[in-house]
Each structure stands twice: as C-alpha cells, then as structure tokens.
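Architecture at a glance
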Amino acid sequence: MAGDYDYARNELEEDEMKIKTGIEYMDSLKQLNPVIYYMGKKIKDVTEHPATAPHVRAAAMTYAIAVQDEYKDLATATSHLTGRTIGRFTHVHQSVEDLIKKVKLLRLLGQKTGTCFQRCVGFDGINAVYSTVYEIDQKYKTNYMERFKKWLIRIQDENLMVVGAMTDPKGDRSKGPAEQKDPDQYLHIVERRENGIVIRGAKLHMTGAVNSHEILIMPTTAMNESSKDYAFICSVPIDAPGIIMIFGRQANDSRRDMNESIDVGKPSFGVVGGEAVIVFEDVFVPWENVFMDGETDFTGLVVHRFAAHHRANYGACKTGLMDVLTGAVTYLAHSQGTAKGSHVRDKVTEMIHLSETLYSSSIACSAEGVPTSSGAYMVDTMLANVCKHNVTRFHFEVARLAVDLAGGFIATLPSEHDLQSEEVGHLVKKYFLGVEGIPVEDRIKIGRLIEAMTGGTAMVESMHGAGSPQAQRIMIFREGQLNKKMKLAKALAGIPQRKKFYHHNSARSDRNIIF
Ligand code: SF4
Ligand code: FE
C-alpha cells in the first residue's frame, strides 16, 4: 500500500524551503528517533508501520501540493519575518486574505486525502502563540517574542511539521491544576535551571504527533496565580530525551495489518488524524525555546485564540471530507442503478446543502477576521465556534444520509479474501454486481470507502476534535452579546433602558454588531 500519489512531482528551486516534497518530508521523519509505542510494541519507522504510515502519507500531502503550480498560491505564503517563500502551514496570518486562503487550502486537502492531514494543529498553535507572546512582552517587558521569532524562522525555513500540544489529562476535573492529587495530571515545570526548564506530565489526543518534527506546548485552560508552574509555552523536538508517545487504536485498524487494501476503504490515507498520548518524563527545555513562564493571566487568551483558529478550520477540512462522501454515494448510486431516483437526488442535494452551509461559516469567520496588536490576524471567535458546532451536526447528518443511501450493502460486504477466493470469489462477484459495465470490485471499493468515512473514530474526531460541542456552546453563549440584544428588543418594545439587571459577560471588542 505505497499510496497512489506522486509525492515527488515538481521540485521547487534550490533556495526554497528545506523540506519540499512529500517524499522529503517522509525521509526527514526517518532521520528522527522518537519513542513510540503501539499495541505494546515500539514502532521503529512511522513511515513504514501499517498503523502510522497512512497518516504520514496524509500529512505528506500538505507538502506535495505546495510544489504543484496550481496550488502554490494556496499552499505557500511569504514569511512576514524573512520575506522568503514558506509553506502556509508555518505562516502567521497577515490579512483576511490569508485566513481565507487557509480555509480553501484545508478544504482542498480534505478532498485529496478524505481524512485529517494533521498539520493545522501546529499551524494554529503558531498563530495563537505569536499574538499572545507579543502581548505578554508588552505587559511584562519580557523577551519571549524574540525567542519565538527565532524558533519560528527555523520552522519556516526548514518547513517542519509542528504538533500543537494543548489538552492535558486533567485528572479530577472538579479540581484545578494545582489541586490535583497527582500534579502530573497537568503538564508542569518541575525544575527551573540556569539554562532551561524541566517539564513533567502528558498531553492527550495529539493529532499527528508521531509524524511531526517539533512539539509546541501550550497551557490547556485558563489558570490562576496558584498554577504558575503549569502556565508555560515552549517547544521541544519530537525525539527529545524523556518523551514517550503511545499511539491510539482506530476503528478497523487491524485490517491494515492483513494486507487487505480494499477492506481498509481508504488504503492510502488513514480514517482519522492518528492520535497519540505524549508523555513528558522530566524533559529538559532550554530557555531559548520557552515562550511563556508563569504569566497565568495570558493562559486563557492563548487557549481562546488557539481554539478559535482550530474551530474555524473544521468547516473547511470536514467539508472536503463531505465532498468525498457525496461523491462516493453518487458513484455508488450509479453503480447500482439508483442514481435517477428522486429520493436519491433529494438526499444528495441535502448533503451538498449541508456541506456548503458548513463551508460558509468557515469562510465567514475568516472574512470577519481582525488584526491583533501583533499584526497577526484572528478569526471572528463567535463565528468560528458556530462553525465547529455546525460540524458536530452537519457532518453527522451527511454521514447518516450517506449510510442511508448506501443501503444494507455495506453491512454484508464480504472481505477481500472472499472476493479473491477460488472457492467463493465467483459468487461474490456474481451477487454483488450492480449495473453492467461497472466492475463489482469498484462497487465494493466505494462501499468500503463509505464505511471507513462514516464510522468509528472518523466521526468521533468530528464531534470532539477542536473541543467537544459543549466547549463551543459555552463560547457561543459567552459571546452572544445578550445585553446588547436585550437593548435591541427593549427599544423596539418601547421599554425604557433602565439600569442593568442582567449581568452577563457579553463584552466583545472585536465584533461589530449593527445598531
Ligand atoms: Fe486540520 Fe481538520 Fe485535522 Fe484539525 S481535524 S488537524 S483542522 S485536518
Ligand atoms: Fe482535529
């Protein structure tokens, strides 16, 4: 299953980005020595191991398209730090146009891979940290930005893949970081040395971690003064001493081990991003890679900005996946002679409507983007939260319609071994044939693709990636400007504006509402 995509096509000029093609990205991973466990055993090479290789190939697509002329405008950018051409996934958004190009790039990559290509987590981390660090320096006269820029220039020039690490295990969630019985439930600084810090703890749900080059660590939540040792931002190479990763299982992952390329459904790429636990066992980080240390009053801001950027993405990458699903059920309908049925057309129409509606919210939160004081652009946070929240409904509804249209066919599909069997292969071919002229194998392949894209971990990712639905509901309510909306209603109803009786934090400085 080498994948059917030519990652090496179209070389860039010599002086541009160090890792250029998808092949170069995969080769660069071979130079690293991360400690990764899967099913109780160590993975030696993530580019070869059947559990991780599909995710590597999906991430490689972010490099591969950047060297194709037709996609260069979306997939590359000009660094505001160096003026050099860089991969967009290492760029700090300088305009609304940048935000919109990102959205278009993610939809395109979703269409090409049908899965999570993982590289946006570090992208969003870079953007959230950049603007936050600038504001920390302004307030405390620190020099984090200087360090961060130096680090970022290296990431940009070498075109590295960064995993943004935010979510801590959190232990007992009724307690804060400093109140946990086991302090390691939140990643924390255990020692401050002359030359750096030592950190211990873990980060969970780390998309693309095993095939990244660097980890950008951020706090997981807003913290108070008691949590200074938990309030830090830093970066470490993926194979720094003391880092152990444990790669998660996914629905139907054992099919990958059995050389059943048809049964996998999408043999070239994974069904989801490939999540890992990253454990930090007393990992040393030199000061030049520490970008926040104890400024607890900025923890909420960096989380807020990271979450907004990542939630904005979901209306793009997942729309790409929905495009593939819509195409898959349409092809399946053609292969079984149902494509002209009015109910089929109606359901496909609904799938398209939901996909484009979702995409609209991704475009909208980007079009409404605003500059932060650092000059880096932020998406509109209300619309970004609405966007991600829409994913938790629309993607599921699109998947439901796809399963509906596919019929019971998928539930009874025999394995590839039966299809190839000398004893029963002819029976499978006879009874799973649909419209004459369309090979039975193609009908089975598209059925397996629909199965892979509508089940198990693929859909869990849509629900909980970039924060569970409740996280968006909290933000939507918080940013709902209810005081202003009450004023609108009262003015129209002829009720005098008396003193405020409803105290709700609805202050928004970056969002325009028309009065
Ligand atoms: Fe990017 Fe989407 Fe994957 Fe998040 S879920 S890393 S936004 S592809
Ligand atoms: Fe995600």
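Structure first, text after, so check above.
Here's what I pulled together on the structure shown here.

Definitions and limits used
- Residues numbered from 1 in each chain as written.
- Chains lettered and ligands numbered in written order.
- Predicted model: local features only at pLDDT ≥ 70, side-chain atom pairs only at ≥ 80, totals over all residues.
- Heavy atoms only, no water.
- Pairing = 2+ DSSP bridges.
- Helix = DSSP H or I, 4+ residues; strand = E, 2+ residues; numbered from the N terminus.
- Axes fitted to C-alpha atoms, helices over the stretch in contact; angles between N-to-C directions.
- Contact = heavy atoms within 4.5 Å.
- Phe/Tyr/Trp six-rings, centres within 6.5 Å; stacked < 30°, edge-to-face > 60°.
- Lys NZ or Arg CZ within 6 Å of the ring centre and 35° of its normal.
- Near = heavy atom within 4 Å.
- Nonpolar A, V, L, I, M, F, W, Y, C, P; charged D, E, K, R; others polar.
- Buried < 20%, exposed > 50% of the residue type's maximum accessible area, 1.4 Å probe, protein only.
- Lys, Arg positive; Asp, Glu negative; His and termini not counted.
- Salt bridge = Lys/Arg side-chain N within 4 Å of Asp/Glu carboxyl O.
- Donors = N, O, S within 2.8 Å, 3.2 Å for Na, K, Ca; no water.

Turning next to the sheet that holds strand S9 (residues 232-237). Here we have four strands laid out as an open sheet, ordered S5-S8-S9-S12, and mixed in their pairing. Every other strand in the sheet has two partners, leaving strand S5 (162-165) and strand S12 (290-293) as the edge strands with one partner each. Direction aside, neighbouring strands of the sheet carry axes that sit 20° apart on average. The sheet contact formed by strand S8 (residues 214-217) and S9 spans four bridges and is antiparallel. Of the residues in S9, the one forming a bridge with Leu 216 is Ser 235. The sheet contacts of helix H5 (residues 120-140) involve S5, S8, S9 and S12, and relative to S5 the element is tilted by about 65°. Strands S5, S8, S9 and S12 of the sheet are contacted by helix H6 (residues 144-158), whose axis makes an angle of about 145° with S12.

Throughout the structure, instances matching the rule amount to ten aromatic pairs. Their ring planes at 50° and their centres at 5.8 Å tell us that Trp 151 and Phe 291 sit as a pair that is tilted. With Trp 151 in helix H6 and Phe 291 in strand S12, this residue pair connects regions lying 140 residues apart in the sequence. Taken together, the ring pairs connect Tyr 130, Phe 148, Trp 151 and Phe 291 into an aromatic cluster. A cation over an aromatic ring shows up here: Lys 318 above the ring of Tyr 314, its NZ or CZ 4.9 Å from the ring centre.

For the rest of this paragraph, the subject is the site of ligand 1. Near ligand 1 the following residues occur: Cys 116, Phe 117, Gln 118, Cys 120, Val 121, His 310, Asn 313, Tyr 314, Cys 317, Lys 318 and Glu 461. Looking at the shell around ligand 1, the elements with two or more residues in it are H5 and helix H9 (299-336). Ranked by residues supplied to the shell around ligand 1, first place goes to H9 with five residues. Taken together, the residues that form the shell around ligand 1 break down as six nonpolar, three polar and two charged.

Attention now moves to the pairing of strand S11 (residues 275-286). Sheet topology places strand S7 (residues 196-207) next to S11; nine bridges connect them, and they run antiparallel. Of the residues in S11, the one forming a bridge with Ile 199 is Val 283. Where strand S10 (residues 243-247) meets S11, five bridges bridge the pair, whose relative direction is antiparallel. Bridge assignment links Ile 243 to a residue of S11, and that residue is Phe 280.

Our focus in this paragraph is the side chain of Arg 119. Among the secondary structure elements, Arg 119 is positioned in the loop between helix H4 (96-113) and H5. In this structure Arg 119 is buried but unpaired, with Glu 158 as the nearest side chain of opposite charge at 11 Å. When sequence neighbours within four positions are dropped, the list of residues in contact with Arg 119 reads Thr 62, Tyr 63, Phe 89, Thr 90, Asn 159, Leu 160 and Met 161.

Right, let's talk about the coordination of the iron ion (ligand 2) for a bit. Octahedral metals with six donors have ideal donor angles of 90 or 180 degrees. Tetrahedral metals with four donors have an ideal donor angle of 109.5 degrees. Taken together, Tyr 314 (OH) and Glu 461 (OE) make up the protein donors of the iron ion (ligand 2), found 2.3 to 2.6 Å from the metal. With a gap of 147 residues between them, Tyr 314 in helix H9 and Glu 461 in helix H15 (residues 456-464) connect regions that are remote in the sequence. You can call Tyr 314 buried: its relative accessible area is 3%.

Just distances and angles here, no functional claims.
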